[in-house]
Amino acid sequence: MSAKNLSPALLDRLPPDVRKPAYDRPALKPGIAHIGVGAFHRCHQAEYTDDLLAKDFDHWGLVGINIRPPLLADTLGRQDGLYTRLIRQNDEVEARVIGSILRVVDSQESAARALEVLASPDIEMVTMTVTEKGYCHIPSSGALDLDHPDIAHDLANSGAPRSVPGILARALERRMASHGRPVTLLSCDNIPTNGIILGNVVRTFAERRGRQLADWIEANVAFPSAMVDRIAPATTEADIDTVEQRFGYRDGALVVGERFRQWVIEHRFAGRVPRWDLVGATFVDDVTPFEHLKMRVLNGAQTTLSYLGVLGGFEHTFETIADPVLARFVRRMLTEETLPTLMPVPGISPAAYVEQSLSRLTNTAIRHRNHQIATDGSQKIVQRLLNPIRDRLAIGGSIALLSVPVAGWMAYLIKASARFGRAWRVSDPFADRIAAIADSIGSDSKALVDAILAIDAIFDPQLAADTTFRGHVAAGLDGLLSGDPMGFVGQVCAGPTDARLKQPSRSA
Ligand code: CS2
């Protein structure tokens, strides 16, 4: 390998079109901790913080904490925390070296290192991207899952926690017992009312540790909700080679994203706050309308395309949406069924947002794998599909289109079971349960749907009992498990959905 690796010494020798940190990096001090330093964080919150540092507003550097794989301390450490953020928009490539991360702490074997950072008096803002399942909550209710093995472990061993709620509760306990400084815990994951869920799981855990901690949290900790957005798929070797070929250096911590980015944060803080609102983030009183818009439209489209795309034999989102039938399906679903469920969003036209979102998904340089988006669907479909379905049913609206990707999620997991030939490997906390259902029931779609809808951690019982919903999902599963799933999607898409809703059995 001839190209040099990214390092502080290399910064001055990088080509002029690579943007570099525009501030005095050695003067930075730890101020923000982030749990879950994956591609998304490096492409989003760390870039906003880099923008803020370039404004010379403050000297708050980030300390990253990884409590789950991958190990990152060495890779980023070798580069002194520097990494490249590549924007790719079809043929455009724009490189920028980000310097806001001071170091990353790997805390996977034990939480000790994570706790040390989180309990430190320097840190008054903790952001996190720990994925939907990291909160150990019950997706259909938002409550802490006390039966979760990690939660049961942490309640019994509070000094050596391994779950996010357990680690945060322990860190807060240490803060209370030492310096007592307030702190904001800011969730940046795609779960609805993410601040409320984070508050729920941490408070519920803390209450079991004792009233004193619970009261201290009430007085000193804020849990704002936030909506975060930028498409940043897992980095590939090909991306790393692109940087080497175009810009002449290697970067093992590279991240690639689209140009679009958005961050809307509820204005509810404890302690000092980085003024991300000066560099493009928005502080608002209520994130809910923004969160519905993003999760139901952009994420809803991604999830739909991922399941239908895998079933149709497509690898990436951009290839899936290039298929005319799937493109038409997802546009109709969003405009006819999802859009009417949205609340008014200050400053944004929902119809224009739908078009903008669909256009973002056509970006050919963002190679977002359908299987990556399909991961952990049980944790994603509530906010992306089931909540809009529930709202549609409440007003008597059609759900014929929104039900198809719900069936798509089921078909995706069912086809990964032994009985259906293990078509692909899946990763979802409910994968084993659904494989067991598929293996025992076989191919009777109605019986499969009955058994899967009975999982009340995912499906709210009232929704699961709705006959219109059950009928559409069973018809969807039948079509998607047939020999011609794309033909089925084409058929669903061909007619007016309301007519089919009223006469579901006519075409059979
Ligand atoms: C994706 C998201 O993998 C997934 O679930 O839908 O990571 C999505 O790309 C981001 O939410 C975009 O902001």
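In the annotation of an unreviewed UniProt entry, the entry for the protein chain reads Mannitol dehydrogenase family protein, and the organism field reads Mesorhizobium vachelliae.

1. Thoughts on the pairing of strand β4 (residues 83–89)
Counting buried positions along β4 yields 6 of 7 residues, so the element is predominantly enclosed. Across 7 bridges, the pairing between β4 and strand β5 (residues 92–98) is antiparallel. Paired with arginine 88 across the strands is valine 93, a residue of β5. Following β4, the chain reverses through 2 residues before pairing antiparallel with β5; asparagine 90 in that reversal takes a positive phi of roughly 50°. In the sheet, β4 pairs with strand β12 (residues 255–257) via 3 bridges, with the strands oriented parallel. Note that in β12 the partner of leucine 86 across the bridge is valine 256.

2. Re the packing of helix α17 (residues 431–441) against helix α18 (residues 445–453)
In contact at an axis separation of 10 Å, α17 and α18 are set at 150° when each is read in the N-to-C sense. The angle between the axes of α17 and α18 places the two elements in the roughly antiparallel class. The handedness of the crossing between α17 and α18 is right-handed. Between α17 and α18, the contacting residues are Ile434, Ile437, Ala438 and Ile441 on the first element and Ala447, Leu448, Ala451 and Ile452 on the second. Of the residues assigned to the contact of α17 with α18, the class counts are 8 nonpolar, no polar and no charged.

3. What about the UniProt feature "domain: Mannitol dehydrogenase N-terminal" (unreviewed entry) in the protein chain?
When the UniProt feature table is mapped to this numbering, "domain: Mannitol dehydrogenase N-terminal" (unreviewed entry) covers residues 31–277. The distance separating the terminal C-alpha atoms of residues 31–277 is 17 Å; by composition the span is 35% helix and 23% strand.

4. Remarks on the sheet that holds strand β2 (residues 29–35)
If you trace the 6 strands from one edge of the open sheet to the other, you get β6-β3-β2-β7-β8-β9, paired in parallel fashion. Across the chains shown, the open sheet's two edge strands, defined by having one partner strand only, are β6 (101–106) and β9 (221–222). Summarising the sheet, β2 and strand β7 (residues 125–128) pair through 4 bridges and their orientation is parallel. Looking at β7, one finds that histidine 34 is bridged to threonine 127. Helix-sheet contacts for helix α6 (residues 164–177) involve β2, β7, β8 (183–187) and β9, and the interaxial angle to β8 is about 170°.

5. Here's the deal with the side chain of serine 187
Secondary-structure assignment places serine 187 in strand β8. For serine 187, the side chain forms a polar contact with the side chain of tyrosine 135, separated by 2.7 Å. Separated by 3.4 Å, the side chain of serine 187 and the backbone nitrogen of aspartate 189 make a polar contact.

6. Some remarks on the domain arrangement of the protein chain
Looking at the assigned domains, one finds that the protein chain contains domain 1 (4–284) and domain 2 (288–494). A straight line from the C-alpha centre of domain 1 to that of domain 2 covers 29 Å. Interface of domain 1 and domain 2: buried area, both sides summed, is about 2,500 Å²; carbon and sulfur atoms make up 56% of it. By the criterion of area lost to domain 2, the three top residues of domain 1 are Lys133, Pro139 and Ile231, representing 22% of everything that side buries. Counting the contacts that link domain 1 with domain 2 gives 4 salt bridges.

7. Concerning the site of the ligand
In the region of the ligand, the neighbouring residues are Asn190, Val228, Asp229, Arg230, Lys294, Leu298, Asn299, Gln302, His368, Ile373, Lys380 and Arg384. Between the ligand and the protein, one listed contact pairs an oxygen atom with a side-chain N or O atom of asparagine 190 at 2.8 Å. At 2.5 Å from an oxygen atom of the ligand is found a side-chain nitrogen or oxygen belonging to aspartate 229. Protein chains bury 89% of the 340 Å² of accessible surface belonging to the ligand in isolation. Contributing elements (two or more residues each) for the shell around the ligand: β10 (226–229), α10 (288–311) and α15 (377–394). It is α10 that provides the largest number of residues to the shell around the ligand, a total of 4 residues. Residue composition of the shell around the ligand, grouped by class: 3 nonpolar, 4 polar and 5 charged. There are two domains that each give the shell around the ligand at least three residues, and those are domain 1 (4–284) and domain 2 (288–494).

8. Let's talk about the sheet that holds strand β13 (residues 262–266)
Spatially, β10-β13-β14 is the arrangement adopted by the 3 strands of the open sheet, whose pairing is mixed. Looking along the sheet, the strands with just one partner apiece sit at the ends: β10 and β14 (282–284). When strand polarity is set aside, the average angle formed by the axes of neighbouring strands in this sheet is 20°. Pairing of β10 with β13 involves 4 bridges; the strand directions are antiparallel. Across the sheet, valine 228 pairs through a bridge with tryptophan 263, a residue of β13.

9. Focus on the packing of helix α16 (residues 403–414) against helix α20 (residues 467–480)
Two measures define how a pair of helices packs: the angle their axes make with one another and the distance between the axes. At a minimum axis distance of 8 Å, the contact between α16 and α20 shows a crossing angle of 50°. Taken together, α16 and α20 sit at an angle that is classed as oblique. The element α16 and its partner α20 pack so that their crossing is right-handed. Counted together, Ser403, Val404, Val406, Ala407, Gly408, Met410, Ala411 and Ile414 of α16 and Phe469, His472, Val473, Gly476, Leu477 and Leu480 of α20 form the full contact between these two elements. Residue classes in the contact of α16 with α20 are distributed as 10 nonpolar, 4 polar and no charged.

Rules used in this analysis
Residues numbered from 1 in each chain as written. Predicted model: local features only at pLDDT ≥ 70, side-chain atom pairs only at ≥ 80, totals over all residues. Heavy atoms only, no water. Buried < 20%, exposed > 50% of the residue type's maximum accessible area, 1.4 Å probe, protein only. Helix = DSSP H or I, 4+ residues; strand = E, 2+ residues; numbered from the N terminus. Pairing = 2+ DSSP bridges. Axes fitted to C-alpha atoms, helices over the stretch in contact; angles between N-to-C directions. Parallel < 35°, antiparallel > 145°, perpendicular 65-115°, else oblique. Left-handed = near helix turned anticlockwise from the far one by under 90°. Contact = heavy atoms within 4.5 Å. Nonpolar A, V, L, I, M, F, W, Y, C, P; charged D, E, K, R; others polar. UniProt positions renumbered as here; feature names shortened; annotations may be inferred. Polar contact = N/O pair within 3.5 Å; in protein donor to acceptor, adjacent residues only side chain to side chain. Domains from an automatic or database assignment. Buried area = accessible area lost by both parts, 1.4 Å probe. Salt bridge = Lys/Arg side-chain N within 4 Å of Asp/Glu carboxyl O. Near = heavy atom within 4 Å. Areas by Shrake-Rupley, 256 points an atom, 1.4 Å probe, with all protein chains shown as cover.

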